[in-house]
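Working through the structure, step by step
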Amino acid sequence: MRVLNYLELASQLDRSGIGTATDQQRAALATTDVEVVTSPWPDSPVDAATALVNGGGVFRDYDIAHCNLIGPGSVAVARHAKRNDIPLVLHSHVTREDFAESFRGSNAVAPALGRYLKWFYSQADVVLCPSEYTKGVLESYPVDAPIRPMSNGVDIDSLDGFEDFRDEYREKYDLDGMTVFAVGNVFERKGLTTFCTLAQETDFDFAWFGPYDTGPHASKTVKHWVENPPENVTFTGWIDDIRGAFGAGDVYLFPTKNENQGIAVLEAMACGKAVVIRDIPVFEEFYTHGHDCLKCSTKAEFRRALELLEHDPDLRRRLGENAKETAAEHSLDRVGDRLVETYEELLDGTLAN
């Protein structure tokens, strides 16, 4: 079986959630018998021209088309797949709801994006999405295609050795004591204001490991906080090795307002970190308050959770140990098995909604 696993704008999406999810799909499939190609186009313009002269098309040959983004390249692949009876998988990493509060103007664009996504995803033979929550969101548009929830998974092996980075990264960013941290792109949707106001009300060191935009695409909120951070908050920007973040930090704080799954939460759990998250619907299906995380709804609850974890190292350790077990349930082996199962059902016509 030959599968196109396509991510347009891949270089711009490096280290993003979508880029990580795509990388993990490919890593998961590498342990199977599936042959993966990552571009729908021939390797060079000469190859494309030769194919056209010989009566072929400009697309490579593959048995399944699996697209991870929603732009013009993915639209072209979708149209080619439909014209040639190639099963089409569209992976929903983007929804109207989680696009809001990301970039300048994203709230205004979100309604039109929802209409576009309804049309785009409805072309699929199956839509994959990271959670039951996201499935419900897509059904509300409504998307007219079978929708199958499937965890993005977590690449546990890629985090090996994170402990070795602790001293280097804590010294580099001047971190001391129980360090509260986040990982990923800096967006207001991910709880930026809550993160910073909690820092103002506590004495812990806070660090957000990940890139941020202060240019014309940045929201006013992001520009305000990264240019005027509280004294105990560090925005690191891009870091060379993400393991440094998980080595340096102690308590993973993720007060996100909307999420389709949240890969960085699973990464923190895989590293045995105590995790504090906002109590939003998507997390209900994955995590249990008091067992592998602490869930909070208000800023006061977040503050009490952080104070509790500082005063009770045994609780911090227990939550981290249980979190590692939870992360193991999202291994890439399981992701690979689910992907292969879906592809095979598409090819033999047995896929059910």
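Look above for the structure.
Residues numbered from 1 in each chain as written. Predicted model: local features only at pLDDT ≥ 70, side-chain atom pairs only at ≥ 80, totals over all residues. Heavy atoms only, no water.

The number of helices and strands found in the protein chain is 15 helices and 12 strands. Whereas a compact globule of 353 residues would reach a radius of gyration of roughly 20 Å, the protein chain reaches 21 Å, a difference of no more than 12%. Dimensions of the protein chain, computed from C-alpha atoms along their principal axes, come out at roughly 70 × 40 × 40 Å. Across the protein chain, every contact between residues at least 6 apart in sequence was considered, and the portion connecting residues at least 24 apart equals 71%. (Helix = DSSP H or I, 4+ residues; strand = E, 2+ residues; numbered from the N terminus. Rg over C-alpha atoms; globule rule 2.2 N^0.38 Å. Contact = heavy atoms within 4.5 Å.)

What follows deals with the sheet that holds strand E6 (residues 147-149). Strand order in the open sheet formed by 6 strands is E2-E1-E3-E4-E5-E6, with parallel pairing between adjacent strands. This sheet does not close on itself; its edge strands, each paired only once, are strand E2 (35-37) and E6. Taking each pair of neighbouring strands and ignoring which way they run, the sheet shows an average axis angle of 25 degrees. The sheet contact formed by strand E1 (residues 2-6) and E2 spans 3 bridges and is parallel. (Pairing = 2+ DSSP bridges. Axes fitted to C-alpha atoms, helices over the stretch in contact; angles between N-to-C directions.)

Moving on, we get to helix H1 (residues 17-29). Three- or four-residue spacings in an α-helix give side chains the same orientation, since the helix completes a turn every 3.6 residues. The end-to-end C-alpha distance of H1, which contains 13 residues, comes to 18 Å, matching closely the 18 Å that a straight helix rising 1.5 Å per residue would cover. Considered for burial, the residues of H1 that qualify are Ile18, Gly19, Thr20, Ala21, Thr22, Gln24, Gln25, Ala28 and Leu29. On its buried face, H1 is in contact with E1, E2, strand E3 (64-67), strand E4 (88-91), helix H11 (263-270) and helix H15 (332-348). (Expected span 1.5 Å × (residues − 1). Buried < 20%, exposed > 50% of the residue type's maximum accessible area, 1.4 Å probe, protein only.)

Further remarks concern the packing of aromatic side chains. Under the criterion given, the structure shown has 20 aromatic pairs. Within the aromatic cluster, the residues linked to one another by ring pairs are Phe165, Tyr169, Tyr173, Phe181, Phe209, Phe246, Tyr252, Phe254, Phe283, Phe286 and Tyr287. (Phe/Tyr/Trp six-rings, centres within 6.5 Å; stacked < 30°, edge-to-face > 60°.)

Our focus in this paragraph is empty space enclosed by the protein. Inspection of the entire model under this criterion finds 1 cavity of 30 Å³ or more. The computed volume of the largest cavity comes to approximately 30 Å³. If you go around the largest cavity, the residues you meet are Ala21, Gln25, His91, Met150, Ser151, Asn152, Val335 and Leu339. Of all elements in the fold, only H1 and H15 reach the threshold of two or more residues within the lining of the largest cavity. (1 Å grid on protein atoms, 1.4 Å probe; cavity = no way out; pocket = protein on both sides within 12 Å on 5 of 7 lines; lining within 4 Å. Points joined across faces, edges and corners; volume = space filled by probe spheres on them.)

Turning our eyes to something else, we now look at the packing of H11 against helix H14 (residues 313-328). The packing of two helices is summarised by the inter-axis angle and the distance between the axes. Relative orientation of the contacting elements H11 and H14 amounts to 120 degrees, with a least axis distance of 7 Å. Judged on the interaxial angle alone, H14 and H11 are oblique. As for how H11 packs across H14, the hand of that crossing is left-handed. For the pair H11 and H14, contact is made by Leu266, Met269 and Ala270 and by Gly320, Ala323, Lys324, Thr326 and Ala327, respectively. Grouping the amino acids of the contact of H11 with H14 by side-chain chemistry returns 5 nonpolar, 2 polar and 1 charged. (Parallel < 35°, antiparallel > 145°, perpendicular 65-115°, else oblique. Left-handed = near helix turned anticlockwise from the far one by under 90°. Nonpolar A, V, L, I, M, F, W, Y, C, P; charged D, E, K, R; others polar.)

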